[in-house]
Amino acid sequence: MYLALCLYGIALLLQALASLISLMLFRHSATIYRWAWLYLSIGLTLMLGRRIVPILNVLETSHFSLVDASLSVPISGFLLIGVLGLKKLLVRADDAQLLMENLARHDPLTNCLSRTEILYRISEEINRSLRNKHAFSLLEIDIDHFKFVNDRYGHLVGDVVLKNLVAFYQKGLRDIDILGRVGGEEFLVILPATNESDALEITERLRKALQDHVVARVNHDPIKITTSSGISIFNPEQELDLIHKDLANKYFQQADLAMYQAKQLGRNQSFIWKDY
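Predicted model, so just to flag it, every value in this text is computed and none were measured.

Trainee: Which parts of the structure should I look at to understand the overall build of the protein?
Mentor: Broken down by element type, the protein carries 9 helices and 7 strands. The buried share of the protein, taken over its 276 residues, is 41%. Taking as baseline every contact in the protein between residues at least 6 positions apart, the subset at least 24 positions apart corresponds to 73%. Entry remark: accessible area of the protein is about 15,800 Å², with carbon and sulfur atoms responsible for 60%.

Trainee: Sorry if this is basic, but what is going on with helix α6 (residues 146-153) here?
Mentor: Since there are 3.6 residues in each turn of an α-helix, residues three or four apart along the chain are aligned in direction. Of all the positions in α6, only F146, V149 and N150 are classed as buried. Viewed end-on, α6 has its buried residues packed into an arc of 95°, placing them on one side of the element. Looking at α6, the residues exposed on the side facing more than 90 degrees away from the buried face are K147, D151 and R152. Looking at the buried positions of α6, the neighbouring elements they touch are β1 (136-143) and α7 (155-172).

Trainee: I would appreciate a short explanation of the packing of aromatic side chains in the present structure.
Mentor: Each aromatic ring pair is summarised here by two numbers: the centre-to-centre distance and the angle between the ring planes. The final tally for this structure, using the stated rule, is 3 aromatic pairs. With a centroid separation of 5.5 Å and an interplanar angle of 90°, the aromatic rings of F168 and Y169 are classed as edge-to-face. Judged on exposure class, the residue F168 and its partner Y169 are both buried. Ring geometry for F234 against Y251: centres 5.1 Å apart, planes inclined by 70°, an arrangement best described as edge-to-face. In this pair, F234 is assigned in strand β6 (residues 227-234) and Y251 in helix α9 (residues 244-264), connecting sequence segments 17 residues apart. For Y251, a relative accessible area of 6% gives the class buried. Aromatic rings pair up to connect F136, F234 and Y251 into one cluster.

Trainee: Just to check I follow, could you spell out the pattern of salt bridges for this structure?
Mentor: Pairs can form between side chains of opposite charge whenever their charged atoms are close. For the structure shown, the criterion picks out 11 salt bridges. Taking the shortest distance from any N to any O, the salt bridge between E196 and K274 comes out at 2.9 Å. Of this pair, E196 sits in helix α8 (residues 196-210) while K274 is found in the segment after β7 (270-272), placing the two residues 78 residues apart along the sequence. Within the structure, one salt-bridge network assembled from shared partners comprises D142, D144 and K263.

Trainee: Help me understand the pairing of strand β3 (residues 186-191) in this model?
Mentor: Put simply, side chains in a regular strand alternate between the two faces of the sheet. The buried fraction of β3 amounts to 6 of the 6 residues, a majority that puts the element mostly inside the structure. Strand direction decides the pairing type here: β1 and β3, joined by 6 bridges, are antiparallel. Opposite S137, over in β3, you have L191 as the bridge partner. The sheet contact formed by strand β2 (residues 178-181) and β3 spans 4 bridges and is antiparallel. Opposite I178, over in β3, you have I190 as the bridge partner. In this antiparallel pair of consecutive strands, β2 and β3, the connection spans 4 residues.

Trainee: Before we go on, may I ask you to explain the layout of surface pockets in this structure?
Mentor: Unfilled space is identified by rolling a water-sized probe across the atoms. When its volume is computed, the largest pocket comes out at roughly 230 Å³. Around the largest pocket, the lining residues are E196, I233, N235, Q238, E239, K250, Y251, Q254, W273, K274 and D275. By residue number, the principal contributor to the lining of the largest pocket is α9, which donates 3 residues. In terms of residue class, the lining of the largest pocket is built from 3 nonpolar, 3 polar and 5 charged.

Trainee: Would you take a moment to explain the pairing of strand β5 (residues 221-224) for this structure?
Mentor: Here 4 bridges tie strand β4 (residues 214-218) to β5, and the two strands are oriented antiparallel to one another. Within β5, the position partnered with R217 by the bridge is P222. The antiparallel hairpin formed by β4 and β5 contains 2 residues in its connecting segment, where N219 sits at a positive phi of about 55°.

Definitions and cut-offs
Residues numbered from 1 in each chain as written. Predicted model: local features only at pLDDT ≥ 70, side-chain atom pairs only at ≥ 80, totals over all residues. Heavy atoms only, no water. Helix = DSSP H or I, 4+ residues; strand = E, 2+ residues; numbered from the N terminus. Buried < 20%, exposed > 50% of the residue type's maximum accessible area, 1.4 Å probe, protein only. Contact = heavy atoms within 4.5 Å. Areas by Shrake-Rupley, 256 points an atom, 1.4 Å probe, with all protein chains shown as cover. Arc of directions from axis to C-beta. Phe/Tyr/Trp six-rings, centres within 6.5 Å; stacked < 30°, edge-to-face > 60°. Salt bridge = Lys/Arg side-chain N within 4 Å of Asp/Glu carboxyl O. Pairing = 2+ DSSP bridges. 1 Å grid on protein atoms, 1.4 Å probe; cavity = no way out; pocket = protein on both sides within 12 Å on 5 of 7 lines; lining within 4 Å. Points joined across faces, edges and corners; volume = space filled by probe spheres on them. Nonpolar A, V, L, I, M, F, W, Y, C, P; charged D, E, K, R; others polar.

In short, shape yes, function no, at least from these values alone.
Structure below.
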């Protein structure tokens, strides 16, 4: 009798662990998996009765089946192993999804925001600007003669230059500013709550500091670069169009055109878009 009680007790413990794990996964899993874990945890919890009833029968009547008691342990054990396997699979799926989301949001080389993400952030900033009625600025940055760097030193050195340029700007920008890569050597910065004069001051400060900054070294040969910058200003008082995606593209294009104007004027300078 004691052996049967021991076997039923082990089976009950294993079953309870499986039920508890499934319930925890229901609480912490993504919505897409939540209903499946809920039904599994309910089913496993109801099956606990199949482990409690034989124990009560043995205690009340002293009648038991050693075969049934012996089978209850591997059945509950296999259920626990199955739940643990599903938990491991779910963790891997969540990790893979997190990795994919991170890759979609960030540029894999420089680790600043990707083109898609920075454009999405512009739309968010437009929403915020329309609510609080504060202007914000977009700054597009392009490395002058970057092809020369790649041709002379190779693309691996060019990659180092890009990564160090991002590190330079991330250190020099404010905590509220947002940096993303929109092309090969082109970057876009969102400057929240920043008017025209402040945007120009920030841009010029960074541009002048960069031209004296060593972004890479090859055989002790320092590599320095310059940039051309274009600025566009979003003024919520002048925009009644609430199609934010179109507005994001509009001001991105304005910053882009301003940047090309800076290049045409001789490079290594900043230009503010003016809608004449």
